[in-house]
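Single-letter residue listing:
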Protein chains: 2
Amino acid sequence: MPHTHPLATKANRVLETNAPSVYALLSGRGREYYFPVTGILSQGADADGTEINGSIGIALGDDLEPMRLSDIAKSIDLPPRQAFPYAGAYGIKTLREEWQASMKRKNPSMTFETSLPVVTAGLTHGLSIVGALFLEAGDHVHLPYPFWDNYAMTFETGYGAELETFPLYEGEKFNVAGLKQALKQEKGKKILFLNFPNNPTGYAPRKNEAKEIAEAVCDIAAQGSDILVIIDDAYFGFVFEDDVYPESLFSLFGNLHERVLAVKIDGCTKEDYAWGLRVGFITFAGKGLTQAALDVLGDKAAGVVRGTVSNASNASQHLLLKAMRSPNYQKDKRAGFDTMHVRYQKITAILRQPKFQTHMKLLPCNAGYFLCLELREGLDAEKIRQKLLKEYSTGVIALDRFLRIAFSSVPEAPIEELCERVLKACEDEM
Amino acid sequence: MPHTHPLATKANRVLETNAPSVYALLSGRGREYYFPVTGILSQGADADGTEINGSIGIALGDDLEPMRLSDIAKSIDLPPRQAFPYAGAYGIKTLREEWQASMKRKNPSMTFETSLPVVTAGLTHGLSIVGALFLEAGDHVHLPYPFWDNYAMTFETGYGAELETFPLYEGEKFNVAGLKQALKQEKGKKILFLNFPNNPTGYAPRKNEAKEIAEAVCDIAAQGSDILVIIDDAYFGFVFEDDVYPESLFSLFGNLHERVLAVKIDGCTKEDYAWGLRVGFITFAGKGLTQAALDVLGDKAAGVVRGTVSNASNASQHLLLKAMRSPNYQKDKRAGFDTMHVRYQKITAILRQPKFQTHMKLLPCNAGYFLCLELREGLDAEKIRQKLLKEYSTGVIALDRFLRIAFSSVPEAPIEELCERVLKACEDEM
């Protein structure tokens, strides 16, 4: 095996000294990662502002502006220097600061120190970076069932970890006991993965449940376990009921216990309706972590960015930054939220009508883009999906015994008809 | 360890039957990868065109157009449906076809079958995908020295492989004997990595050398070795001398021998002056590979895309596609090439003047964005770089005993002054 790079050794020493639990949680690979501050990248940064700069790895015209294809330049309303050069592996500094500030606005109890968010090429990339830094082959990642199917590709296929599930619900509530038991019984490294608002169910913990989840994790940490809590905040902000905990769980885990490291994966993809731009963020926090330790985690994450994609789209980052600084930002976000909220109220009211209860049960939901219907015994979700496609020209997703319906993508007007068709397809099958 | 997914087993059987050498070259992880055709993605595709579509994982307004931030929408001249939704893990089909056609235009001897290029989030992502599919911890990746430093982060830190170098040059020529010896002596899996035009040297093999390289690899394959040839074509097309082999080496390796699998990593980043958009491609070919085997390789690559970044930027892909279809495309590309060509001729003519030879030697170069100066013994490249920064306001990159100069980023006018400053800095040190 290649020798550990001296910069990785230096970074690891900071963690061993300042944050032994974080060091313990890192995978072997995670200990090898570092940010190459002595390489081409930093030499390029040194040369910023020189009279003659022959260090830059892009092509500049004789006017010192980036060379570019005129059709691309005409199609992006950004200065060429914002759209065409590389963004740097950490991402654009001003965007990272803007995102961190927005995180704190959206999560008022996030008053603790965090690492400066590192820009990723979308949220899945953030998850993959977590895998690179923390997952050893055979590690168990505990998460509620049901879950988004791509986690298996990222964590199992990519890193040889195993997804271990506990049921999301206990009756109509989040299954805190199940979570606690799963972590308690784990003999190896304790890794908890939480995605709220949840894909596929559209559930987010209520205020008291969020508190109980944090207490459960804190208790287990207090008994002497190091715990990694991975928080996938893809659907952050789409919360439609007053009793839901309105912040990211990162607010609770980021300052919970010295043995708990929280990693927040978020971005503009779903929150800001910009799926195709591929801008995400990865942010670390943990009680008692020094700025030096937080910096090391950010450096290692940026090292993974460098080694896996070099950097995220500069054009996308500048487009997001421009939008976030615009007076339209909050208004546009709110308009989308309001549309989704109306649909949520309508579809849940319909699906809770008595006539639906014979064939299906709406799983508890209060947030996000989706909801799930659990079909009564004897009904095959995949068959119902096929029937809906072929006989009712209606698209839904079948997951085991559930149908997932994205009210995010269905206008208010046909929502009632959608529900009726699902019911009819079930009735046909009985 | 998680069980191999049935779709991976099915994919592997195709390779075992049709392409045993390819199967042998895959890493354990590479054998686990598959494209999740039965998951949420394909169910979503099934529902395309339904009257009521509740399967889509993005948010649509009541007008069925993607929700979006008005400031981003105003800043991209693309229909919202091209900029905002996800692109799909394989990338946009029309772009993949357009890129494949352009590959064949640029490389007239690429008359063999290839996989349809899969879109990656930039070229480094393509390299990382190769690592995921083919590299086992401890595998040796043979490549000429010097090389781009980020390969170490991608292949060594990311996958535990080891970079094994042979000297790029033998005198003024490419070191075919060194390449042959390196592969011959390799006891394990034989993996060759070639990056031409080369970063940092700006060298590309001459026509006869390219032929000799291919013959060397063919000989070793014929002796019973499976060989993976990874071709990083980042700087493709910037070739400034008539005796250089003008095509990608993929043209030679893609139909060379049944035991040779060629992987081509390329994209618009450098070729099309679009560094910040992050669009690359990964393409496979090998003598005798069936369409089914090529498809499996594309599926596995798209599986890695799905698990590591979900998909590459849709906006960037559509911007590239739009530019490639424009009558300005060839003209813009040519204008950039001509500018670089003039600079190349000027800087190489200067650096070959006798007065420079006392202190430095221009390494053979004929292509790309860069050139390298090897400093005479006793001169420390890092010291010269620092002196150039501080006393001459001039930026270059120091790599071991070389200075890398990017004529890509220096206008023609100050090139002579740049060379003089490098010379003076060296003279100061003697």
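Parameters and conventions
- Residues numbered from 1 in each chain as written.
- Chains lettered and ligands numbered in written order.
- Predicted model: local features only at pLDDT ≥ 70, side-chain atom pairs only at ≥ 80, totals over all residues.
- Heavy atoms only, no water.
- Helix = DSSP H or I, 4+ residues; strand = E, 2+ residues; numbered from the N terminus.
- Rg over C-alpha atoms; globule rule 2.2 N^0.38 Å.
- Contact = heavy atoms within 4.5 Å.
- Areas by Shrake-Rupley, 256 points an atom, 1.4 Å probe, with all protein chains shown as cover.
- Lys, Arg positive; Asp, Glu negative; His and termini not counted.
- Charge placed at Lys NZ, Arg CZ, Asp CG, Glu CD.
- Salt bridge = Lys/Arg side-chain N within 4 Å of Asp/Glu carboxyl O.
- Buried < 20%, exposed > 50% of the residue type's maximum accessible area, 1.4 Å probe, protein only.
- Core = buried A, V, L, I, M, F, W, Y, C linked by side-chain atoms within 4.5 Å.
- Pairing = 2+ DSSP bridges.
- Axes fitted to C-alpha atoms, helices over the stretch in contact; angles between N-to-C directions.
- Buried area = accessible area lost by both parts, 1.4 Å probe.
- Domains from an automatic or database assignment.
- Phe/Tyr/Trp six-rings, centres within 6.5 Å; stacked < 30°, edge-to-face > 60°.
- Parallel < 35°, antiparallel > 145°, perpendicular 65-115°, else oblique.
- Left-handed = near helix turned anticlockwise from the far one by under 90°.
- Nonpolar A, V, L, I, M, F, W, Y, C, P; charged D, E, K, R; others polar.
- Least-squares fit on C-alpha atoms with pLDDT ≥ 70 in both.
- Expected span 1.5 Å × (residues − 1).
- Polar contact = N/O pair within 3.5 Å; in protein donor to acceptor, adjacent residues only side chain to side chain.

Once that is clear, we can look at the overall build of chain A. Looking only at helices and strands, one finds 19 helices and 15 strands in chain A. For 430 residues, the compact-globule estimate of 2.2 N^0.38 gives 22 Å, and chain A sits close to it at 23 Å. The dimensions of chain A, computed from C-alpha atoms along their principal axes, are 75 × 60 × 40 Å. Put simply, of all contacts in chain A between residues at least 6 apart along the chain, 73% involve residues at least 24 apart. In the form shown here, chain A has an accessible surface area of approximately 14600 Å², with 50% of it arising from carbon and sulfur atoms. Mean positive and mean negative side-chain charge positions of chain A (47 and 54 charges, respectively) differ by 1 Å.

Here we come to the pattern of salt bridges. The full count for this structure, using the stated rule, is 58 salt bridges over all chains. A:Arg401 is the partner of A:Glu374 in a salt bridge, and the nearest nitrogen-oxygen pair spans 2.9 Å. In this pair, A:Glu374 is assigned in strand E12 (residues 370-375) and A:Arg401 in the loop between strand E14 (397-399) and strand E15 (402-406), connecting sequence segments 27 residues apart. By relative accessible area, which is 41% here, A:Arg401 ends up partly exposed. Close ionic contact of B:Lys264 with B:Asp233 constitutes a salt bridge, the shortest N to O distance being 2.8 Å. Separated by 31 residues along the polypeptide, B:Lys264 in strand E9 (residues 260-267) and B:Asp233 in the loop between strand E8 (227-232) and helix H12 (250-253) bring together distant segments of the chain. When its relative accessible area of 1% is taken as the criterion, B:Lys264 is described as buried. By relative accessible area, B:Asp233 is classed as buried at 1%. A single salt-bridge network, built from bridges that share partners, covers A:Lys106, A:Glu271, A:Asp272 and A:Lys333.

Counting residues in hydrophobic clusters, the biggest one holds 329 residues, and the most contacted among them are A:Phe134, A:Phe253, B:Phe134 and B:Phe253. Among all residues touching A:Phe134, those that are not within four sequence positions of it are A:Leu25, A:Leu26, A:Ser27, A:Asp139, A:Lys189, A:Leu228, A:Leu261, A:Val263, A:Phe284 and A:Leu297.

Sheets are built from strands that pair by backbone hydrogen bonding, the pairs being arranged parallel or antiparallel. All names here are of chain B. What the four strands build is an open sheet, ordered E11-E12-E15-E14; its pairing is antiparallel. Edge positions in the open sheet fall to strand E11 (360-362) and strand E14 (397-399), since each of these has one partner strand only. Strand-to-strand, the axes of this sheet are offset by a mean angle of 30°, without reference to chain direction. As defined by bridge partners, strand E12 (residues 370-375) adjoins strand E15 (residues 402-406) across five bridges and the pair is classed as antiparallel. The residue bridging Phe370 from the neighbouring strand is Ala406, located in E15. Here helix H16 (residues 328-351) sits on the sheet in contact with E11, E12 and E15, set at roughly 10° to E12.

Many descriptions give the size of an interface as the accessible area lost when the pieces come together. Between chain A and chain B, the residue contacts involve 118 residues of the former and 118 residues of the latter. Both sides of the chain A and chain B interface together cover about 9300 Å² of buried area, and 58% of this is carbon and sulfur. If you look at where chain A meets chain B, you find eight salt bridges. With a shortest N-O distance of 2.6 Å, B:Arg421 and A:Glu51 are connected by a salt bridge.

All names here are of chain A. Domain parsing of chain A yields domain 1 (6-35 + 89-324) and domain 2 (329-429). Here domain 1 and domain 2 have C-alpha centroids that lie 29 Å from each other. Taken over both partners, the interface formed by domain 1 and domain 2 buries close to 2300 Å², and the fraction arising from carbon and sulfur atoms is 59%. When the buried area of domain 1 at its contact with domain 2 is split by residue, Pro200, Phe240 and Tyr273 rank highest and sum to 27% of it.

Counting across every chain of the model gives 50 aromatic pairs over all chains. On the numbers, 5.4 Å between centres and 80° between planes, the contact of A:Phe238 with A:Tyr369 is edge-to-face. On the criterion of sequence distance, the pair formed by A:Phe238 in the loop between strand E8 (227-232) and helix H12 (250-253) and A:Tyr369 in the loop between strand E11 (360-362) and E12 is long-range, its members being 131 residues apart. Between B:Tyr235 and B:Tyr369, the aromatic rings sit 4.9 Å apart at their centres with planes inclined by 75°, giving edge-to-face as the arrangement. Here B:Tyr369 lies in the loop between E11 and E12 and B:Tyr235 lies in the loop between E8 and H12, a separation of 134 residues in the sequence. For the pair B:Tyr235 and B:Tyr369, a shared accessibility class is recorded, and that class is buried.

With that settled, the discussion passes to the packing of helix H7 (residues 93-106) of chain A against helix H15 (residues 314-324) of chain A. All names here are of chain A. The interhelical angle for the contact between H7 and H15, taken along N-to-C directions, is 45°, at an axis separation of 10 Å. Relative to H15, the element H7 lies oblique. In this structure, the crossing between H7 and H15 has a hand that is left-handed. Residues Thr94, Leu95, Glu98, Trp99 and Ser102 of H7 lie in contact with H15, whose contacting residues are Gln317, Leu320, Leu321 and Met324. Class assignment for the residues of the contact of H7 with H15 results in five nonpolar, three polar and one charged.

All names here are of chain B. Across the interface, helix H10 (residues 176-185) lies against helix H11 (residues 207-222) with an axial gap of 10 Å and an inter-helix angle of 15°. In this view, H10 runs roughly parallel relative to H11, as classed from their interaxial angle. Where H10 crosses over H11, the handedness of that crossing is right-handed. Of the residues in H11, those in contact with Val176, Leu179, Lys180, Leu183 and Lys184 of H10 are Glu209, Glu212, Ile213, Ala216, Val217, Asp219 and Ile220.

Attention shifts here to the side chain of B:Glu209. Residues and elements named next belong to chain B. Note that Glu209 resides in helix H11. Note on Glu209: relative accessible area 1%, which makes it buried. In this structure Glu209 touches Lys173, Phe174, Val176 and Tyr203, once residues within four positions along its chain are discounted.

Attention shifts here to the sheet that holds E14(A). Residue and element names in this part refer to chain A. Here we have four strands laid out as an open sheet, ordered E11-E12-E15-E14, and antiparallel in their pairing. This sheet does not close on itself; its edge strands, each paired only once, are E11 and E14. Pairs of neighbouring strands in the sheet enclose a mean axial angle of 30°, with direction left out of account. The pairing of E14 with E15 spans three bridges and is antiparallel. The partner of Ala398 across the bridge, within E15, is Leu403.

Mapping chain A onto chain B leaves a residual RMSD of 0.0 Å; the transformation is a rotation of 180° accompanied by 0.0 Å of translation along its axis. Expressed as a symmetry operation, the mapping of one chain copy onto the other fits a two-fold axis. Among all residues of chain A, the minimum C-alpha distance to the rotation axis is found for A:Ile76, at 2.4 Å. Both copies share a contact surface, since 100% of the interface residues of chain A are interface residues in chain B too.

Let us now look at helix H19 (residues 415-429) of chain B. In this model, H19(B) (15 residues) spans 22 Å end to end at C-alpha, consistent with the 21 Å of a helix rising 1.5 Å per residue. Taken together, the buried positions of H19(B) are B:Ile415, B:Leu418, B:Cys419, B:Glu420, B:Arg421, B:Val422, B:Leu423, B:Ala425 and B:Cys426.

Residue and element names in this part refer to chain B. Mapping Arg96 onto the fold places it in helix H7 (residues 93-106). Take Arg96: its relative accessible area is 8%, and that puts it in the buried class. In this structure the C-alpha to C-alpha distance between Arg96 and Pro117, which are 21 residues apart in sequence, comes to 5.5 Å. In terms of polar contacts, Arg96 uses its side chain to reach the backbone carbonyl oxygen of Tyr90, at 3.4 Å.

Attention shifts here to unusual backbone geometry. Following A:Asn199, the chain continues into A:Pro200 via a peptide bond in cis, with omega recorded as 20°. Structurally, A:Pro200 is set in the loop between strand E7 (190-195) and helix H11 (207-222). With omega at -10°, the peptide bond leading from B:Phe196 into B:Pro197 counts as cis. Among the secondary structure elements, B:Pro197 is positioned in the loop between strand E7 (190-195) and H11. One non-glycine residue, A:Ser393, lies in positive phi territory at about 45°. Within the element layout of this structure, A:Ser393 appears in the loop between helix H18 (381-392) and strand E13 (394-395). The phi angle at B:Ser310 is positive, at roughly 70°, despite the residue not being glycine. Mapped onto the fold, B:Ser310 is located in the loop between helix H14 (291-308) and helix H15 (314-324).

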